[in-house]
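Reading the structure
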Protein chains: 2
Amino acid sequence: MRFTINKEAFLKALTTVGHAIPAKPVIALLTNFRLELNEKGLEILGSDNEITIRSTVPYKIGQIEVIRGAGLGGALVNAHMLTEIVRRMEGDEISMEIIDDSVAKIDDGTGSSFRLISAKAEEYPDIDLEEDGQVFEAKCDALTLLVDQSAFAASTKDQRPILTALNLEAAGDGQLIATATDSARLARKSIHIDSDVRFRCNVKARIFSDIVRLFEGSEYVKVAISASKALFSFDNTVVATRLVAGDYPVTKAIIPTSFNYFLEVNAQELVNAMGRVSILSEKDSAVKLSMREDECEIYAKNERSGSANERIQTFSFNGERLEVSFNPQFVIDAIKALRADDVTLCFQAEMKPFVVKNPRDDSIVELITPMRTY
Amino acid sequence: MRFTINKEAFLKALTTVGHAIPAKPVIALLTNFRLELNEKGLEILGSDNEITIRSTVPYKIGQIEVIRGAGLGGALVNAHMLTEIVRRMEGDEISMEIIDDSVAKIDDGTGSSFRLISAKAEEYPDIDLEEDGQVFEAKCDALTLLVDQSAFAASTKDQRPILTALNLEAAGDGQLIATATDSARLARKSIHIDSDVRFRCNVKARIFSDIVRLFEGSEYVKVAISASKALFSFDNTVVATRLVAGDYPVTKAIIPTSFNYFLEVNAQELVNAMGRVSILSEKDSAVKLSMREDECEIYAKNERSGSANERIQTFSFNGERLEVSFNPQFVIDAIKALRADDVTLCFQAEMKPFVVKNPRDDSIVELITPMRTY
């Protein structure tokens, strides 16, 4: 393999694919990029077994030549070192050549020259990047919002792996629904897609959140859901991740549809007050929200530190006095995900799950289970 | 104790003193600020045993009232919680009152109210903040430069505690000289002071670097060096640190005064090239600088990764061919400390200590010991 490449385009692709390189690899080979110069351009592939990213630098972008002096071939080269070398080189073009299938020579034409020990491309594990199963196209913005408004509610603990997933469901009606729950809270968001695909699958929530960050600058993404993987194609990049095995819990019946109490409140004011009382509360301890028609207050107490009391100024509450205790971080996360100026908290009763919603947006539901009060 | 205080002034003082609060305190009491409202204002004190900071918020700044409704007294209040509460409160004024010597009530007048468990001020350990010993005044800028251009060369390892110190020496001639060495490199910087004080002392380099950061916004600092501590007073803040015990090694004779080879080079170009070759070298491994009249190159090699070669474009070298190997980070640190566009590396011979200097600034010397080549 031999080529001379525009530094900026090379570095952009290396950086994108670098997101798949594990910090502490189990398999030593996965510290490498697999580089392959073929008729499409330079394909750079990285994988950490959970996520695989392949970016292709084309020979030309528009009329501008990006790669010249091409001799087809491939190699495995240390990902971190190659990226750092290219990032810090000062020439506008980088020349790379594989010598004797064992050394990658990298040169920037201004006096900087590296020789990295390389391996044969064939030594890399086989990775399935076939686009198969149910295929649909979505706007990157919409898919990013779908994930950002739901994935945070997934579990971060590995006791029940299925709860670390974001559940995706399309029923052939042009809706894509994402659900996440850690069993104490649930978030559900739906977006419209121009497709009648039908599928159910579970993608690790943390990884899905990483994947949508890669969309930056792209408008459309093609999604392919097969029995074992989810594949995302956008611009010159393909990202694949294994699906989480197992049946996702049935959550539809959990979400209440009728409520007895409604608190309308300014989102920022509630988040700020909740953030302040959280200073006192230890991780996963509760705060108490106390509501009457003429008063809305938040209490927190910690035997070792003291107590806090926040009086909400701008609110509207109908009904009798109600007191509900919960993990303040759950309500902060839910409100932030709604991205609304005003939010409504809908309650059935003191110890029943309650809903935090944006009154102007039915596409998203945030459900929170109260905690026992102290 | 009881007072109402301007939020911004309170937060600024809490944040300054917070730098002395240990992340993992050995003594539980040291998680607290000691607050004392006396005739000078509100004194806030924090200490982690290595460094003590006391900031005073005065009753008035110019004609503006900062503290009102004062009832003198004191208390110990959790530093982290108090700072976070004040930071996040939304009122312009904060009221604080100690109730029954056991609870600090904090209120922002807009609906936010906290009660933190507090303790009596008398329970705090005695801390010596007396200004005694040799006292002189310095410009904050000059003292900051003194530390920034020398402290980095101190040892970070505790095997020889004295080498973790920055050695300060004033011989009554209006010069203050700082020396740091980790035994493989040495940095020495002198500044002028308007004083004929005479002293020698050792201040922990890491702590001294933290202290000069606190000078921001102040013009002059008064320094008092006693047998056991160094004390720094600026604006409304006093900072004290224990001196490091022991005799500092005599370093004067180590610095060579005559050289056989001189490499003049652009500082940024050398730093960039050294940074690139360092990608390959493992921690504390050497790079080789090879100089001839018509060529200046840097090599690095790592058996597991490969090799690097940098050709320096802009340089001037007199004399025969010379090859010197060294820890590239030492040369990068030295060049950065010099803050010069062009630097000169002065060599005696291949395995003799060499000097990196700014040809226009005699107040700073950076000495580096070569390493055995691979």
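Predicted model, so just to flag it, every value in this text is computed and none were measured. (Residues numbered from 1 in each chain as written. Chains lettered and ligands numbered in written order. Predicted model: local features only at pLDDT ≥ 70, side-chain atom pairs only at ≥ 80, totals over all residues. Heavy atoms only, no water.)

1. Observations concerning the interface of chain A and chain B
Counting from both sides, the interface comprises 30 residues of chain A and, opposite them, 30 residues of chain B. Roughly 2500 Å² of surface becomes buried between chain A and chain B when both sides are summed, with 52% attributable to carbon and sulfur atoms. When the buried area of chain A at its contact with chain B is split by residue, Phe114(A), Arg276(A) and Ile279(A) rank highest and sum to 23% of it. Remark: the boundary between chain A and chain B carries two salt bridges. Among the salt bridges present, the one from Arg276(A) reaches Glu90(B), with a minimum N-O distance of 2.7 Å. Remark: the boundary between chain A and chain B carries 22 residue pairs in polar contact (both at pLDDT 80 or more). Of all the secondary structure elements, the ones that give two or more residues to the side of chain A that touches chain B are α2 (79-88), β11 (112-119), α5 (267-278) and β23 (306-311) of chain A. Taken together, the residues that form the side of chain A that touches chain B break down as 10 nonpolar, 11 polar and nine charged. Note that β11(A) and strand β23 (residues 306-311) of chain B share five bridges and pair antiparallel. Opposite Ser112(A), over in β23(B), you have Glu310(B) as the bridge partner. (Contact = heavy atoms within 4.5 Å. Buried area = accessible area lost by both parts, 1.4 Å probe. Salt bridge = Lys/Arg side-chain N within 4 Å of Asp/Glu carboxyl O. Polar contact = N/O pair within 3.5 Å; in protein donor to acceptor, adjacent residues only side chain to side chain. Helix = DSSP H or I, 4+ residues; strand = E, 2+ residues; numbered from the N terminus. Nonpolar A, V, L, I, M, F, W, Y, C, P; charged D, E, K, R; others polar. Pairing = 2+ DSSP bridges.)

2. What to know about the relation of the copies chain A and chain B
Aligned on chain B, chain A shows an RMSD of 0.0 Å; the corresponding rotation is 180° and the shift along the axis is 0.0 Å. The relationship between the two copies is best expressed as a two-fold rotation axis. In terms of C-alpha distance to the rotation axis, chain A has Ala23(A) as its closest residue, with the C-alpha 13 Å off the axis. When the interface residues of chain A are mapped onto chain B, 100% of them again fall at the interface, so both copies present the same face. (Least-squares fit on C-alpha atoms with pLDDT ≥ 70 in both.)

3. Here's the deal with the pattern of salt bridges
Taken as a whole and assessed by the stated rule, the structure comprises 40 salt bridges over all chains. For the salt bridge of Arg206(B) with Glu50(B), the shortest nitrogen-to-oxygen distance reads 3.2 Å. Taken together, the positions of Arg206(B) in helix α4 (residues 205-213) and Glu50(B) in the loop between β3 (41-47) and β4 (51-58) put the pair 156 residues apart, joining distant regions of the chain. With a closest N to O distance of 3.2 Å, Asp132(B) and Lys229(B) form a salt bridge. Here Asp132(B), found in the loop between β11 (112-119) and β12 (134-139), pairs with Lys229(B), found in strand β18 (residues 229-234); they are 97 residues apart in sequence, far enough to count as distant. According to the relative accessible area criterion, Asp132(B) is partly exposed, its value standing at 34%. Each of Glu50(A), Lys204(A) and Arg206(A) takes part in one network of salt bridges that share partners. (Buried < 20%, exposed > 50% of the residue type's maximum accessible area, 1.4 Å probe, protein only.)

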